[in-house]
Amino acid sequence: MSDELSLGGLFLSSFLAATLLPGGSEAVLFGVLKLNPGLLWPALALATLGNTLGGMSSYLLGRILPERKPTKWLAFVHRYGSPALLLAWAPLIGDALCIAAGWLRLNAVYVALFMAAGKLARYLAIAWTAI
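Please read all numbers here as calculations on a predicted model, not as lab measurements.

**A closer look at the overall build of the chain**
Scanning the chain from N- to C-terminus turns up 6 helices and 0 strands. Counting helices and strands in the order they occur from the N terminus, the chain gives α-α-α-α-α-α. Its C-alpha atoms give the chain a radius of gyration of 15 Å, within 12% of the compact-globule value 14 Å for 131 residues. The dimensions of the chain, computed from C-alpha atoms along their principal axes, are 50 × 25 × 20 Å. In the chain, which comprises 131 residues, the share counted as buried stands at 40%. Excluding contacts between residues fewer than 6 apart, the proportion of contacts in the chain whose partners are at least 24 apart in sequence is 77%. Within the structure as shown, the chain displays about 7300 Å² of accessible surface, and the carbon and sulfur contribution to it stands at 72%. Counting 9 positive and 5 negative side-chain charges, the chain places the averaged centre of each group 15 Å from the other.

Written as structure tokens, this is what we have:
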């Protein structure tokens, strides 16, 4: 498989995994790096970018949701603000955090930066095990 195809699949997998659709981009990153360790930095960059963009799509979904009864995730994000998005990579709660950030109308730039930092840290840990 070509490097471009591997990286493209990784980006797509990372994007979709960060939406409300189920998926695991960690296994794809692990596989890409096992097959070609020389792709470490492009793979990390594309996985982080794709996953962050997918998370931002959930953020946008939160912005268009009608007002509802607050949930515990809204309270958590309201209390901690954009830094709460460092946990946007976490299974099950990550999507809720992204949607809550959008619903609360948190600053999109800060949300994206904290989200990307958390997702990059997770991908670095996976890369560490792959190489």
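**Side note on the environment of Pro37**
Tracing the backbone shows Pro37 in the loop between helix 2 (25-35) and helix 3 (40-64). The exposure class of Pro37 is partly exposed, given its relative accessible area of 45%.

**Regarding the confidence of the model for the chain**
Confidence along the chain averages 92 in pLDDT terms, with 98% of residues attaining 70 or more. The element-level mean pLDDT for the chain is lowest in helix 4 (residues 72-80), coming to 88, with helix 6 (residues 108-130) highest at 97.

**As for the environment of Ala45**
With respect to the helices, strands and loops of the structure, Ala45 is situated in helix 3. Considered as a pair, Ala45 and Ala84 are 39 residues apart in the sequence and their alpha carbons are 22 Å apart.

**Observations regarding the pattern of salt bridges**
Between side chains of opposite charge, a pair can form when the charged atoms approach closely. This structure, assessed with the given rule, holds 1 salt bridge. Across the salt bridge formed by Glu26 and Arg122, the nearest N and O atoms sit 2.9 Å from each other. Of the two residues, Glu26 is situated in helix 2 and Arg122 in helix 6; the sequence distance between them amounts to 96 residues. Overall, Glu26 belongs to the partly exposed group, its relative accessible area being 28%.

**Focus: a nonpolar patch on the surface**
Together, Leu20, Leu61, Ile64 and Leu65 line one region of the surface with nonpolar side chains, adding up to about 370 Å² of accessible area. Among the secondary structure elements, Leu20 is positioned in the loop between helix 1 (3-17) and helix 2. Judged by its relative accessible area of 52%, Leu20 falls in the exposed class.

**Some words on the packing of helix 2 against helix 3**
Between helix 2 and helix 3, the shortest axis-to-axis distance is 10 Å and the interhelical angle comes to 165 degrees. The angle between the axes of helix 2 and helix 3 places the two elements in the roughly antiparallel class. Considering the relative orientation of helix 2 and helix 3, their crossing is right-handed. Contacts between helix 2 and helix 3 involve Ser25, Leu29, Val32 and Leu33 on the former and, on the latter, Leu40, Ala43, Leu44 and Asn51. For the contact of helix 2 with helix 3, the class distribution of residues is 6 nonpolar, 2 polar and no charged.

**Topic: the packing of aromatic side chains**
Under the criterion given, the structure shown has 1 aromatic pair. Considering the side-chain rings of Phe76 and Tyr80, the 4.9 Å spacing of their centres and the 50 degrees angle between planes classify their relative orientation as tilted. Here Phe76 and its partner Tyr80 are both found in helix 4, 4 residues apart, which amounts to about one turn of the helix. Owing to a relative accessible area of 42%, Tyr80 belongs among the partly exposed residues under this scheme. Above the plane of the ring of Tyr123 lies Arg122, whose end atom (NZ or CZ) is 4.2 Å from the centre.

The rules we used
- The written sequence of each chain sets the order in which its residues are numbered from 1.
- Local features are withheld for residues below a pLDDT of 70 in this predicted model, meaning they are given only at 70 or higher, and side-chain atom pairs are given and counted only at 80 or more; totals for whole chains, interfaces and linings count all residues.
- Note that water and hydrogens are dropped before the side-chain values are worked out from all heavy atoms of the structure.
- Going along the chain from the N terminus, every DSSP run of H or I of four or more residues is numbered as a helix, and every run of E of two or more is numbered as a strand.
- Only the C-alpha atoms count toward the radius of gyration. The rule for a globule is 2.2 Å times the residue count to the power 0.38.
- Each residue is placed in one exposure class: buried if its accessible area under a 1.4 Å probe, protein chains only, is under 20% of its type's maximum, exposed if it is over 50%, and partly exposed if it falls in between.
- Residues count as neighbours in contact if any of their non-hydrogen atoms are within 4.5 Å of one another.
- Accessible surface area values rest on a Shrake-Rupley calculation with a 1.4 Å probe, where residue burial reflects the displayed protein chains alone.
- When charges are counted, neither His nor the chain ends are considered; positive counts come from Lys and Arg and negative counts from Asp and Glu.
- A charge is said to be at NZ when it belongs to Lys, at CZ for Arg, at CG for Asp and at CD for Glu.
- The pLDDT score gives, residue by residue, the confidence of the prediction method on a 0 to 100 scale.
- A carboxyl oxygen of Asp or Glu within 4 Å of a side-chain nitrogen of Lys or Arg is what we treat as a salt bridge.
- Distance thresholds for patches are 9 Å for like charges and 5 Å for nonpolar side chains (Val, Leu, Ile, Met, Phe, Trp, Tyr), applied to residues having over 30% relative accessible area and no salt bridge.
- Axis definition: a line fitted to C-alpha atoms, over the contacting stretch in the case of helices. Angles run 0 to 180 degrees between N-to-C directions.
- Each angle is binned into one of four classes, with values under 35 degrees roughly parallel, values over 145 roughly antiparallel, values of 65 to 115 roughly perpendicular, and all other values oblique.
- Each helix crossing is assigned a hand: it is left-handed if the near helix lies turned anticlockwise from the far helix by less than a right angle, otherwise right-handed if that turn is clockwise.
- For this scheme, ten residues count as nonpolar: Ala, Val, Leu, Ile, Met, Phe, Trp, Tyr, Cys and Pro. Four count as charged, namely Asp, Glu, Lys and Arg, and the remainder, Gly too, count as polar.
- Two rings from Phe, Tyr or Trp (for Trp, the six-membered ring) form a pair when their centres sit within 6.5 Å of each other. Planes less than 30 degrees apart are called stacked, planes more than 60 degrees apart edge-to-face, and all others tilted.
- Ring-over charges, as used throughout, are those where CZ of Arg or NZ of Lys falls within 6 Å of the ring centre and within 35 degrees of the ring normal.

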